[in-house]
Structures are given as C-alpha cells and as structure tokens.
Amino acid sequence: MILLLSALVLIVAFMIFSLTGLIQSKPKGSKLPKSLPSFPLIGSLLSLWSNLPPHLLFLKLQKTYGNIFSLMMGSHYVVVINSYQHAKEVLLKKGKIFAGRPSTVTTDLLSRNGKDIAFGSYCPGWKFHRKLIHSSISLIGDKSAALEKMICKGIGSACCTFEDFLDSPLDIMPEVKRIVINITCWLCFNSKYESDDPEFQEVLEYTQGIVDTVGKDSLIDIFPWLQIFPNEELHTLKQCIARRDNILQKQFEKHKANYSSDSIHDLFDILLKAKMNAENNNNSAYEERLTDDHLLMSVADIFGAGTETTSTTIAWMIVYLLHHPEIQKKIQEEIDSNVGFERTPQLSDKGNLHFLSATISEVLRIQPVSPLLIPHVALEDSSIGEYTIPKETRVIINLWAIHHDEEEWKNPDAFDPGRFLDKDGKYVHSPSGSYLPFGAGVRACLGEMLAKMEIFLFSSWFLQRFTAEVPRGQPLPSLLGKFGIIVQPPKFEVQLKFRKAWKNRGQCS
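Everything numeric in this text was worked out from a predicted model, so none of it was measured.

1. Side note on the packing of aromatic side chains
This structure, assessed with the given rule, holds 18 aromatic pairs. Taken together, a centroid distance of 6.2 Å and an interplanar angle of 65° make the contact between Phe162 and Phe466 edge-to-face. Highlighted residues: Phe162 in helix H6 (residues 144–163) and Phe466 in strand E8 (residues 466–469), separated in sequence by 304 residues. This pair shows no difference in class: Phe162 is buried, exactly as Phe466 is. Judged by centre distance (5.8 Å) and plane angle (15°), the ring pair of Phe466 and Phe498 falls under stacked. With Phe466 in strand E8 and Phe498 in strand E9 (residues 494–498), this residue pair connects regions lying 32 residues apart in the sequence. Note on accessibility: Phe466 and Phe498 belong to one class, buried.

Written as structure tokens, this is what we have:
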C-alpha cells in the first residue's frame, strides 16, 4: 500500500512538473507550430504509436500538421521539420542558435556525457575541440595519395576474398566492414585487422549493438527515471560501450607509451600532441577540452560513426543495384569506356565516371543513412519561419521527408540516378537545395570527404570486376531498412559473377 501511494505521489508530481515545463516553454503572444495532441506525463506518445519508423511516421503526419509541427516527448517540447527551407534556416542561417544537443541516457553513456563532437554541447570549448579534430583530419587528408593507396589496398584484398565465393550465395558485408574499419584504424591508430582477428569480430559485434540501442527515442531516453527498472537494451548498450572502451583504452595507452613529438603517425598522435602543448603552455581553457576522456571520445566518434555510415551506404548501393540491374550494367559500361581493364580505378577517374557518381548521390538521397539527423536544441529563444521557438526546444530535421519532397524531386520514391545528371550527361552535385546527405552548418558531418572517397573507390573497383545478382531462389532484399541511429538494410546475400573481360585478365594470386 505504501509503495502504491508513493508511486501515485511520484506520478502526480511528474505530471505537475511536465505541465509547468510545457507552460513555461511557451512565451505569451507567440505563434507556435501546430501540435500533436499532448497529455500530462506521456506527452504525445499516443499519437506516435505506430508500426512505421519515425521518419516515415513524421512524413505521414506532415499531411495533417504541415511542414513544421510540434509534439511533447514526455516533458520535452519537440519541433519536427520536414522542409528544406526550414531545415536550412536551422542548419545554416541560425546554425549557432540551434547548435545544441539534447542530453539523453543512451547518448550520454555513449559519449561520456557529451565529451565527443557528435553529442557534445555547443560552447567555446566544443568549437575548439571540433576545430582540432577537423584540422587533424585535414592534415591526414593532405596525405591523400597515401590514403587512396590504403583504401585501394583494402578493397583489392576484399575483392580477392570475394573471388573465392564466385557463383555462390555470399554475405559480403563483413568484408566490406573490414575495409572501412581498417581505413579508420589506419587513420586513428596506424594499424589494421585481418578478417580472422578475434578483436575484429568483437568490433563488429559491439558496433552493431550500439547501432541497435542508441538514439531511437526509446522510453528510457524520454523518461530517464525508468533506469531504476531492469532494461535489456540498456544492459546491452553498457556492455557494448565497455567492449569499445577497452579496445580504445589499449590503443590510447600504447600511443602514450610510444609518443614522440617528432614522429606523428595518426589521429591519436595528433591529439596527444595538442594535449601536451596545452599542458606545457599552461593553457587551462584548452586543457579542459583535452582530457583523456575527450581524446578517447573523439576517436570513438570517428571510429564508430565513420565505419557504420559508410559501410551502410555501400550496402544500400548494392541493394539498389540488385533491384536495378540495368543501372549496374550502365555503370559497368561507363567504367569500361573510361578506365578499361588494364588498371584499377583511381580517384582521378571520378571526373569521367558521371553516371557512377550520380548513382551514389541517388543512393544517399533515396535512402539517407541517418533519416533523422541527430536532434538539435535551441540555445536561446528564436524562430523558424513564422513560428516562435522557445529556448531548450528540441528540433528534429526529417531528412527523409526533405529528400522525398515531391515539390523538389520528381517521383521521389523512384530510384533514378538521372536526376543528378545534366542534359549532357555530366554529373550535377546538387540539383536541388534540399539535398543534404551529410547535414550542413556547424554540425555537418566531419567525415564527408573520407566517406565519399571510400564509397566511390569501392563501387568502381567492385563493379569493374564483378556483376552482383540475387542468388537463385532468393527474393530481392527489402528496401525497408531497420531503424536505429542509422537505418541499415536487412541482411542479404549476393551471387557474384566475374565479368568476362576481367576473368580473362586473371584472378588474384
């Protein structure tokens, strides 16, 4: 009886708190976006109850509530944006005002309370931190020839592995992930994994576990007090983070033990050098943003986000080519004409492979890996279009809706690389202002350059050598992805066939 009474008191108190927070967040005389029905404690959860993933549900709700609407996620006031005009106002015109990040149970665990770039709160320290990471990646990028060589070496190794399974059903994604993970390892640690390395298998397992449990607006992120109850997803996430941190910590300790300012090999070395320079110069402002936790979470950001988003884009690329063999054939004909079979493709070929570039862009449009960009938070009272946006409002940008806007894209649900080509068949990077695959502004993706390199090189090497088909007797893989912090295609297999001209060239030794 006492427990029941205590629970009722807590619920009533929470309801009052929720109502008070809602009232305080709405300035008098303001014009707020049209809102979904909302109730004390649960907010708009009843209206969000659906079998559809959130990005498709928001697209459906747009027809009733408009391009910009609001809802209550528990006690949190949330604005959802479905048009690129409003999105660009948030990301570019008022990028600094909307550069905050929400604090949630799962993202705080993942980032050690925002000590990374992706989930860290916007402030002078965060700006310094991001600038450091950006300059570090750019510094490594200056060695583009070495980077391209590293990428091509990994792809060549994977292609040789694929040759051992010709004409048999094959899940190629573990090998694709090994390529991408090894590129990231080379950048961050100056090391790589073999496919039979137990630690590589551990990386595959923990990254998938994180993708499955973080940033899905689960009940524990909406109502943090639910942590007091057993939660299988939260337990899984904590285990995956512990495995990730153990691997990162070993690399970090190894780098600290072998560090020399005269011998900088990778991102960890660059960050250690910045940390030691700040300590030697007694620069407390910089030291505060260069703790061991900040350095580890910076690398975790690049290692985690960079590998999963790139490998998932490659997976979607293959899935769509299985659905559209005529597009696969057209890409191969373009590679044959502009590269041939006497050598493998290079980045310098990109300017001549217009249809391949258009196909990659169309994959990023029709199936954005992160259809709901990481939520933004208003750092002060502001506005979006004609609407007032109170401070602390969470802003969700529905990239899926923006990329499927019928006013911007003709027949948006059709897979059509031609929309990224001009009348002369030349590649057009952005035929619409609504094309935002990597976000924009102060929170734009730091790994865009690297991701584009990897996707182009893998696609061109792979299609120069192989034709991918659906294994006999199996259905086409579904185009409905599995929703999480990124949207992955369901597990699928392909049947690879050597292209005749390449077969005549000879197999891997």
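Now that the structure is up, let's keep going.
2. Focus: the confidence of the model for the protein
On average, residues of the protein carry a pLDDT of 88, and 90% of them reach 70 or more. Here helix H1 (residues 2–24) is the element of the protein with the lowest mean pLDDT, 42, and helix H15 (residues 354–366) is the one with the highest, 98. Counting contacts from residues 1–25, a segment whose pLDDT is below 50, to residues more than four positions away or on other chains yields 13 contacts.

3. Remarks on the sheet that holds E9
With respect to topology, three strands assemble into an open sheet ordered E3-E9-E8, the strand pairing being antiparallel. Here the strands that pair on one side only, and so sit at the sheet edges, are strand E3 (169–170) and E8. Both E3 and E9 contribute to a ladder of two bridges, which runs antiparallel. By the bridge assignment, Pro169 is partnered in E9 with Gln495.

4. As for the environment of Arg244
With respect to the element layout, Arg244 can be found in helix H10 (residues 232–258). Each C-alpha atom of the pair Arg244 and Gly304 lies 9.3 Å from the other, and the pair is 60 residues apart in sequence. Residues in contact with Arg244, not counting those within four places in the same chain, are Leu110, Tyr206, Ile210, Met297 and Ala300. A polar contact is formed between the side chain of Arg244 and the backbone oxygen of Leu110, at a distance of 3.0 Å.

5. Details of the sheet that holds strand E7 (residues 394–397)
A sheet is described by the order of its strands in space; here four strands give the open sequence E1-E2-E7-E4, paired in mixed fashion. In this open sheet, the two edge strands, each paired with only one partner strand, are strand E1 (68–73) and strand E4 (376–377). Across six bridges, E1 lies against strand E2 (residues 76–81) in antiparallel orientation. By the bridge assignment, Phe69 is partnered in E2 with Val80. Along the sheet face, helix H2 (residues 54–65) touches E1, E2 and E7 and points at about 115° away from the line of E1.

6. Points about the nonpolar core
Core analysis: the biggest nonpolar cluster contains 61 residues, and Phe162, Ile172, Ile331, Phe458, Phe462 and Leu496 have the highest contact counts within it. Counting only elements with at least two residues in this core, the list comes to H6, helix H7 (173–189), helix H13 (292–323), helix H14 (325–338), H15, helix H17 (448–465), E8 and E9. With near-sequence residues (within four places) excluded, Phe162 lies in contact with Leu170, Ile172, Glu175, Val176, Phe458, Phe462, Phe466 and Leu496. If you look at the next biggest cluster of nonpolar residues, it comprises 41 residues, including Trp126, Ile181, Met297 and Ile302.

7. Description of H17
Helix length check: H17, at 18 residues, gives a terminal C-alpha distance of 26 Å against a target of 26 Å (1.5 Å per residue), a fit within 8%. Most of H17 sits inside the fold, with 15 of its 18 residues counted as buried.

8. Thoughts on the side chain of His404
Position of His404 among the secondary structure elements: in the loop between helix H16 (399–403) and H17. A distance of 2.8 Å separates a polar side-chain atom of His404 from the backbone oxygen of Trp400. Not counting chain neighbours up to four residues away, the residues in contact with His404 comprise Arg365, Ile366, Trp409, Pro412 and Asp413.

How each quantity is defined
- Residues numbered from 1 in each chain as written.
- Predicted model: local features only at pLDDT ≥ 70, side-chain atom pairs only at ≥ 80, totals over all residues.
- Heavy atoms only, no water.
- Phe/Tyr/Trp six-rings, centres within 6.5 Å; stacked < 30°, edge-to-face > 60°.
- Helix = DSSP H or I, 4+ residues; strand = E, 2+ residues; numbered from the N terminus.
- Buried < 20%, exposed > 50% of the residue type's maximum accessible area, 1.4 Å probe, protein only.
- pLDDT = per-residue confidence, 0-100.
- Contact = heavy atoms within 4.5 Å.
- Pairing = 2+ DSSP bridges.
- Polar contact = N/O pair within 3.5 Å; in protein donor to acceptor, adjacent residues only side chain to side chain.
- Axes fitted to C-alpha atoms, helices over the stretch in contact; angles between N-to-C directions.
- Core = buried A, V, L, I, M, F, W, Y, C linked by side-chain atoms within 4.5 Å.
- Expected span 1.5 Å × (residues − 1).

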